[in-house]
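Listed below, chain by chain, are the residues.
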Number of protein chains: 2
Amino acid sequence: MKNIDRLLPKEIRSLIRKGKWDKPTAGLAMGYAQANLVILLEKYAFDFLLFCQRNPKPCPLLEVLEPGKYRTEFLSSDADIRTDIPRYNIYREGRLEATVKEIKEIWKSDFVTFLLGCSFSFEESLLRAKVPVRHLEEKKNVPMFISNIACKPAGVFHGPMVVTMRPIPAEKVNRAVQITSRYVSVHGAPVHIGDPKKIGIRDLKKPDFGDPVTIQKGEIPVFWACGVTPQAIVMKAKPDLCITHTPGHMFISDLLNEELAAL
Amino acid sequence: MKNIDRLLPKEIRSLIRKGKWDKPTAGLAMGYAQANLVILLEKYAFDFLLFCQRNPKPCPLLEVLEPGKYRTEFLSSDADIRTDIPRYNIYREGRLEATVKEIKEIWKSDFVTFLLGCSFSFEESLLRAKVPVRHLEEKKNVPMFISNIACKPAGVFHGPMVVTMRPIPAEKVNRAVQITSRYVSVHGAPVHIGDPKKIGIRDLKKPDFGDPVTIQKGEIPVFWACGVTPQAIVMKAKPDLCITHTPGHMFISDLLNEELAAL
């Protein structure tokens, strides 16, 4: 697809809806917030909403739709959640059953949609302030680790927090904290700075998900809550049915990252 | 009660539990966060939780308990929500039926408890920075107005935002915005600064609730989202049953206001 990275969110969603784009969304519609998707049956919705309320750093809710609703109101005015995401994963009882390009056929009136913030939003802001983001420099996926920080449980949902790691030059750690603190709705401030062992991580070279990245001399590992947490927690609860975006294939909203930073 | 204003939250809650304090809680346990209470039947809980998620400024959730639970975990480790509030209002279908000192007898396993932040928390911080809080100076209740700002509806819950007004000297408005912005979980930054007509308020001398306060020359009316909003919204929906604290008779938590200010 030529010049897709110059298109507006609305235009990209239209291509996705028509089945003309089913690839990852990183780098598309720069400046606009992208969101993680979790769809659950109504019977799990209160517990999951409560889990997100209790764990806002790993589960920063951007929008929740009432049962059966598939049109967003806050993140965009013309999107259809059943068709506007490049790829969906369908899980039954916690096991991946299929990866599909739309979910119109299987949509039911008791589906509840949750859209959650993603760290793409604050990485743009770090780069603008000349704080390096190593996995972007090395064209890798961000390294993710299952920490020993327990999420606050809610109903059937419980488990450890998954965190991302970004090596930050010591003299810029302060700046990284300040910048990400503004983005409360996309994971916010770090959950840990420094010694990985303190949060149960043994080897930074062996992430549980994503790729290892180079840590240069004088850099400190800084850890943020990760949007993989809610997905891992949901899978662990083995709900009858759960639909998510396929990792990397996000919902592109009309909201600017800068709008998310406002308090 | 002698020296009650010097007691710790735990000690005051114990007095309340024993029926030895049933008066308002303003001025007690200074430095500690106080919370508004809303108890609803489980069938309304998802809609109300969603309403709070969509309207965090008027409805800043501090803690939500699972159906039937009456012990807080986050706001204190030893509190019983059925006995530790000085006075409760019981509403049936939106009408006040009774005011009682405890709700142990009527407690049911499908009651869901919501505790919401209150502006007491940021007023302390304003005073410390020498930003005047007029209604405290004049020993009045804060003036509250029904604005024309619509809350984002959720399920059966919808209606206008109730706001509080504090007159701030022009040269300190900036400081008032900065300070209250830090307190996201207790209404946060103002929702409007200046001309009351812009948000549908005709006469600052005639508040819908609370008392009018003096606006001095060179002062600008500044408006914050008010915790009366969720109560007004709930009453409008006329649920079979709803229990709240009696206005002014709040839950006193073990959480410091300063802890709420952290991001």
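Note that the structure is predicted; figures quoted are calculated from it, not measured.

Caption draft 1: The state of the cysteines, seen in detail. Residues and elements named next belong to chain A. Tallied over the entire structure, the rule returns zero disulfides over all chains. Its sulfur unpaired, Cys151 is 6.2 Å from the next cysteine sulfur, which belongs to Cys59. Using a relative accessible area of 5% as the deciding quantity, one classes Cys151 as buried.

Caption draft 2: Focus on the pattern of salt bridges. Evaluation of the coordinates by the stated rule reveals 36 salt bridges over all chains. Here Arg92 of chain A ties to Glu97 of chain A by a salt bridge, and the two come within 3.1 Å at their closest N and O atoms. Residue Lys140 of chain B pairs with Glu138 of chain B through a salt bridge whose shortest N-O separation is 3.5 Å. Lys140 of chain B gets classed as partly exposed once you look at its relative accessible area, which sits at 36%. Given a relative accessible area of 26%, Glu138 of chain B falls into the partly exposed group. Taken together, the shared-partner salt bridges in this structure form one network comprising Lys10, Arg13, Asp78 and Asp254 of chain A.

Caption draft 3: Structural view of the interface of chain B and chain A. In this complex, chain B contributes 22 residues to the contact, which on the side of chain A involves 22 residues. A buried area of about 1700 Å², summed over both sides, lies between chain B and chain A, and 66% of it is on carbon and sulfur atoms. Arg54 of chain A is the partner of Glu66 of chain B in a salt bridge, and the nearest nitrogen-oxygen pair spans 3.0 Å. Where chain B meets chain A, there are six residue pairs in polar contact (both at pLDDT 80 or more). Contributions of two or more residues to the side of chain B that touches chain A are made by α2 (42-54) and β2 (61-64) of chain B.

Caption draft 4: Fine view of the relation of the copies chain B and chain A. Mapping chain B onto chain A calls for a screw motion: a turn of 180° about the axis and a shift of 0.0 Å along it, with 0.0 Å RMSD after fitting. As the rotation angle and translation indicate, the two copies are arranged about a two-fold axis. Among all residues of chain B, the minimum C-alpha distance to the rotation axis is found for Phe46 of chain B, at 2.6 Å.

Caption draft 5: Structural context of the packing of aromatic side chains. Scanning the entire structure with this criterion turns up 10 aromatic pairs over all chains. Note on Phe122 of chain B and Trp224 of chain B: the rings are 5.4 Å apart at their centroids and 35° apart in plane angle, and the pair reads as tilted. Of this pair, Phe122 of chain B sits in helix α3 (residues 120-128) while Trp224 of chain B sits in strand β9 (residues 219-225), and the two are 102 residues apart along the sequence. Taken together, the aromatic side chains of Phe48, Phe114 and Phe157 of chain A make up a single cluster linked through ring pairs. Positioned above the aromatic ring of Trp21 of chain A is the side chain of Lys23 of chain A, whose terminal nitrogen or guanidinium carbon lies 5.0 Å from the ring centre.

Caption draft 6: Geometry of the sheet that holds strand β6 (residues 144-150) of chain B. Residues and elements named next belong to chain B. Read across the sheet, four strands follow the order β6-β7-β9-β8 without closing on themselves; strand pairing throughout is antiparallel. The open sheet terminates on both sides in strands that have one partner only, identified here as β6 and β8 (192-193). Of the strands in this sheet, β7 (160-169), β8 and β9 are in contact with helix α5 (residues 173-181), which crosses β9 at around 15°.

Caption draft 7: Just the packing of helix α3 (residues 120-128) of chain A against helix α5 (residues 173-181) of chain A, in detail. All names here are of chain A. At a minimum axis distance of 10 Å, the contact between α3 and α5 shows a crossing angle of 135°. Between α3 and α5, the angle falls in the class oblique. Relative to α5, the crossing made by α3 is right-handed. Of the residues in α5, those touching α3 at Phe122, Ser125 and Leu126 are Ala176, Ile179 and Thr180. Considered class by class, the residues forming the contact of α3 with α5 number four nonpolar, two polar and no charged.

Analysis parameters
Residues numbered from 1 in each chain as written. Chains lettered and ligands numbered in written order. Predicted model: local features only at pLDDT ≥ 70, side-chain atom pairs only at ≥ 80, totals over all residues. Heavy atoms only, no water. Disulfide = S-S within 2.5 Å. Buried < 20%, exposed > 50% of the residue type's maximum accessible area, 1.4 Å probe, protein only. Salt bridge = Lys/Arg side-chain N within 4 Å of Asp/Glu carboxyl O. Contact = heavy atoms within 4.5 Å. Buried area = accessible area lost by both parts, 1.4 Å probe. Polar contact = N/O pair within 3.5 Å; in protein donor to acceptor, adjacent residues only side chain to side chain. Helix = DSSP H or I, 4+ residues; strand = E, 2+ residues; numbered from the N terminus. Least-squares fit on C-alpha atoms with pLDDT ≥ 70 in both. Phe/Tyr/Trp six-rings, centres within 6.5 Å; stacked < 30°, edge-to-face > 60°. Lys NZ or Arg CZ within 6 Å of the ring centre and 35° of its normal. Pairing = 2+ DSSP bridges. Axes fitted to C-alpha atoms, helices over the stretch in contact; angles between N-to-C directions. Parallel < 35°, antiparallel > 145°, perpendicular 65-115°, else oblique. Left-handed = near helix turned anticlockwise from the far one by under 90°. Nonpolar A, V, L, I, M, F, W, Y, C, P; charged D, E, K, R; others polar.

Function-wise, these values are silent; they only describe arrangement.
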